[in-house]
Amino acid sequence: MEYKIGVISGDGIGPEIVAEARKVLDRIAKVYGHTFTYEEILLGGASIDACGVPLTDEAIAQAKSSDAVLMGSIGGNTTTSPWYQLPPDKRPEAGLLKIRKALNLFANLRPAYLYEELKSACPIKDELIGDGFDMLIMRELTGGLYFGERGTEEVDGILTAHDSLTYNEHEIRRIAVKGFEIARKRRGKVTSVDKANVLDSSRLWRKVVEEVAKDYPEVSYEHMLVDNCAMQLVRNPGQFDVILTENMFGDILSDEASMVTGSIGMLSSASLNDTKFGLYEPSHGSAPDIAGKDIANPIATILSAAMMLRYSLDLDQEAAAVEAAVKQVLADNFRTVDIYSEGTQKVGCARMGELICERING
Ligand code: IPM
Ligand code: MG
């Protein structure tokens, strides 16, 4: 089959990690007889430098005409990069939020599991890890604080800023349905995370989740306050299957969950709408401090490409082959510096990509 893939290399380590994911996709194409054509799409700092804005209408149209979009990372050093001298709505991250909204990518899936081989990179004590963990964070991605009304003004001579957190019941319902649907295909448990002891938006969240839960009697569910969830993630990560939560909580909890897996360099993500289309990106940022040094970990991007094969292109077998190759490369003791431990072999970003390709043989 032939597929058209939009590629956002982006900023910082973005181009390096995307290059490795493309190598892996090309390997899949060769072994399984597919054709992937790539179209470079500008977003973030790269787009600011080329076009003066972090996302153009043309870039949105390019993304829309693709079967799926694979992305690296965007953004720069927020204290030193000139991009952050621009007004907030012209900065790199504004482009990312705009494309999420423009493509209606309301469901962000972030799987976090512990590879047996990376147990030593996991900062949590063995007795707390137990048999390991395998969770998926279902993060709402187009609402809440990220998209609410905001502003900064002087009130009685005092500079005052506000950001508003708004959700309507439809937005909550559609992400809750995604959460329960995926839980049904996993271990059948949803932990809905909110701050219902304080926030109205969370109380509505809880109400709607309870309504949706009635349609999924085979899925068990619980509510958990976000502060407790942050604690439980480092106390007993094995208790979670699907964590269902709003945008900001999901942003924070997914970074925490990734670190529990050993490195933020391992966590993939898929941002989906109601069609087959999706945008696939690692959960980590652009790490400008290590850009261009060939030391970034490309695994999160490669695993994001695997999610793309599975969710947007319906290539389950190919996705599984990529995931198995990642597992094999770890079993064979190769590590990028972020997951390195004594007794393993340290390799760079490009070499890691090649080693994974070598392990895809159909
Ligand atoms: C993420 C990132 C983004 C977010 C930033 C870059 C705007 O942290 O995808 O988790 O906050 O959603
Ligand atoms: Mg984040």
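Residues numbered from 1 in each chain as written. Chains lettered and ligands numbered in written order. Predicted model: local features only at pLDDT ≥ 70, side-chain atom pairs only at ≥ 80, totals over all residues. Heavy atoms only, no water.

### Considerations on the site of ligand 1
Turning to step 1, where the next piece is worked out: Surveying the vicinity of ligand 1 reveals the residues Glu93, Leu96, Arg100, Arg110, Arg139, Tyr146 and Asp251.
Turning to step 2, where the next piece is worked out: Arg110 places a polar side-chain atom, nitrogen or oxygen, 2.8 Å from an oxygen atom of ligand 1.
Turning to step 3, where the next piece is worked out: Calculation on ligand 1 without its partners gives an accessible area of 320 Å², and the protein chains cover 77% of this total.
Turning to step 4, where the next piece is worked out: Ranked by the residues each element gives to the shell around ligand 1, the list is headed by helix H4 (residues 92-102), at 3 residues.
Turning to step 5, where the next piece is worked out: Looking at the shell around ligand 1, its residues break down into 2 nonpolar, no polar and 5 charged. (Near = heavy atom within 4 Å. Polar contact = N/O pair within 3.5 Å; in protein donor to acceptor, adjacent residues only side chain to side chain. Areas by Shrake-Rupley, 256 points an atom, 1.4 Å probe, with all protein chains shown as cover. Helix = DSSP H or I, 4+ residues; strand = E, 2+ residues; numbered from the N terminus. Nonpolar A, V, L, I, M, F, W, Y, C, P; charged D, E, K, R; others polar.)

### Quick word on the packing of helix H11 (residues 316-331) against helix H12 (residues 349-358)
When two helices pack together, their arrangement is given by the angle between the helix axes and by the axis-to-axis distance.
Turning to step 1, where the next piece is worked out: Look at H11 against H12: their axes get within 8 Å of each other, and the N-to-C directions meet at 115 degrees. Relative to H12, the element H11 is oriented roughly perpendicular. Regarding H11 and H12, the two cross each other, and that crossing is right-handed. Note on element contacts: H12 touches H11 through Met352, Leu355 and Ile356, opposite Ala325, Val326 and Val329.
Turning to step 2, where the next piece is worked out: Split by residue class, the contact of H11 with H12 holds 6 nonpolar, no polar and no charged. (Axes fitted to C-alpha atoms, helices over the stretch in contact; angles between N-to-C directions. Parallel < 35°, antiparallel > 145°, perpendicular 65-115°, else oblique. Left-handed = near helix turned anticlockwise from the far one by under 90°. Contact = heavy atoms within 4.5 Å.)

### Some details on empty space enclosed by the protein
Turning to step 1, where the next piece is worked out: Counted under the stated rule, the structure contains 1 cavity of 30 Å³ or more.
Turning to step 2, where the next piece is worked out: By volume, the largest cavity amounts to about 50 Å³.
Turning to step 3, where the next piece is worked out: In this structure, the largest cavity is lined by Leu165, Tyr167, Val193, Asp194, Leu199, Ser201, Ser202, Trp205, Glu246 and Phe249.
Turning to step 4, where the next piece is worked out: Broken down by secondary-structure element, the contributors of at least two residues to the lining of the largest cavity are strand S8 (189-194) and helix H7 (200-213).
Turning to step 5, where the next piece is worked out: The biggest single contributor to the lining of the largest cavity is H7, with 3 residues.
Turning to step 6, where the next piece is worked out: The class makeup of the residues in the lining of the largest cavity is 6 nonpolar, 2 polar and 2 charged. (1 Å grid on protein atoms, 1.4 Å probe; cavity = no way out; pocket = protein on both sides within 12 Å on 5 of 7 lines; lining within 4 Å. Points joined across faces, edges and corners; volume = space filled by probe spheres on them.)

### Concerning unusual backbone geometry
Turning to step 1, where the next piece is worked out: Phi at Asn104 takes a positive value of approximately 55 degrees, unusual for a residue other than glycine.
Turning to step 2, where the next piece is worked out: Note that Asn104 resides in the loop between H4 and strand S4 (107-113).
Turning to step 3, where the next piece is worked out: A relative accessible area of 32% places Asn104 in the partly exposed class.
Turning to step 4, where the next piece is worked out: You will see that Asp156, though not glycine, has its phi angle at about 50 degrees, which is positive.
Turning to step 5, where the next piece is worked out: Relative to the helices and strands, Asp156 resides in the loop between strand S6 (150-155) and strand S7 (158-163). (Buried < 20%, exposed > 50% of the residue type's maximum accessible area, 1.4 Å probe, protein only.)

### Quick notes on the environment of Met138
Turning to step 1, where the next piece is worked out: Among the structural elements, Met138 can be located in strand S5 (residues 134-140).
Turning to step 2, where the next piece is worked out: C-alpha separation for the pair Met138 and Asp194, spaced 56 residues apart in sequence, amounts to 13 Å.
Turning to step 3, where the next piece is worked out: Not counting residues within four places of it along the chain, the set of residues in contact with Met138 comprises Ala107, Asn108, Leu109, Ile175, Lys178, Gly179, Ile182, Val242, Ile243, Leu244 and Thr245.

### Quick notes on the packing of aromatic side chains
Turning to step 1, where the next piece is worked out: This model, assessed by the stated rule, comprises 5 aromatic pairs.
Turning to step 2, where the next piece is worked out: Both rings, one in Tyr167 and one in Trp205, keep their centres 5.8 Å apart while their planes meet at 70 degrees; by these two values the pair is edge-to-face. Placement of the pair is Tyr167 in the loop between S7 and helix H6 (169-185) and Trp205 in helix H7, with a sequence separation of 38 residues.
Turning to step 3, where the next piece is worked out: Given a relative accessible area of 2%, Trp205 falls into the buried group.
Turning to step 4, where the next piece is worked out: Ring centres 6.1 Å apart and planes at 65 degrees place the aromatic pair Phe180 and Tyr221 in the edge-to-face group. In this pair, Phe180 sits in helix H6 while Tyr221 sits in strand S9 (residues 220-225), placing the two residues 41 residues apart along the sequence.
Turning to step 5, where the next piece is worked out: Aromatic rings pair up to connect Phe180, Tyr216 and Tyr221 into one cluster.
Turning to step 6, where the next piece is worked out: Taking NZ or CZ as reference, Lys346 lies 4.6 Å from the ring centre of Tyr340, over its face. (Phe/Tyr/Trp six-rings, centres within 6.5 Å; stacked < 30°, edge-to-face > 60°. Lys NZ or Arg CZ within 6 Å of the ring centre and 35° of its normal.)

### A few points about the sheet that holds S9
Turning to step 1, where the next piece is worked out: Strand order in the open sheet formed by 10 strands is S2-S1-S3-S12-S11-S4-S5-S10-S8-S9, and the pairing between neighbours is mixed. Two strands close off the open sheet at either side, each with one partner strand: strand S2 (35-40) and S9. Looking at each pair of strands side by side, their axes are set apart by 25 degrees on average, direction ignored.
Turning to step 2, where the next piece is worked out: Bridging between strand S1 (residues 2-10) and strand S3 (residues 68-73) involves 5 bridges; their strand directions are parallel. Within S3, the position partnered with Ile5 by the bridge is Ala68.
Turning to step 3, where the next piece is worked out: Sitting on the sheet, H7 is in contact with S5, S8, S9 and strand S10 (242-245), with an inclination near 175 degrees to S9. (Pairing = 2+ DSSP bridges.)

### Quick notes on H7
Turning to step 1, where the next piece is worked out: Helix length check: H7, at 14 residues, gives a terminal C-alpha distance of 20 Å against a target of 20 Å (1.5 Å per residue), a fit within 8%.
Turning to step 2, where the next piece is worked out: Every buried residue belonging to H7 is among Ser201, Ser202, Trp205, Val208, Val209, Val212 and Ala213, and all of these are buried. Down the axis of H7, the smallest arc covering the buried residues is 140 degrees, so these residues share one side. (Expected span 1.5 Å × (residues − 1). Arc of directions from axis to C-beta.)

### Overview of helix H10 (residues 299-311)
Turning to step 1, where the next piece is worked out: With 13 residues, H10 should reach 18 Å at 1.5 Å per residue; the first-to-last C-alpha distance of 18 Å fits that figure.
Turning to step 2, where the next piece is worked out: Buried residues dominate H10, accounting for 11 of its 13 residues.
Turning to step 3, where the next piece is worked out: Among the residues of H10, those classed as buried are Ile299, Ala300, Thr301, Ile302, Leu303, Ser304, Ala305, Ala306, Met307, Met308 and Leu309.

### Side note on the packing of helix H8 (residues 226-235) against helix H9 (residues 247-260)
Turning to step 1, where the next piece is worked out: Packing of H8 against H9 brings their axes to within 9 Å, and their N-to-C directions diverge by 10 degrees. Relative to H9, H8 is oriented roughly parallel. When H8 is examined against H9, the residues Val226, Cys229, Ala230, Leu233 and Val234 are found in contact with a partner set consisting of Phe249, Leu253, Glu256, Ala257 and Val260.

By themselves, these observations are geometric and do not establish any function.
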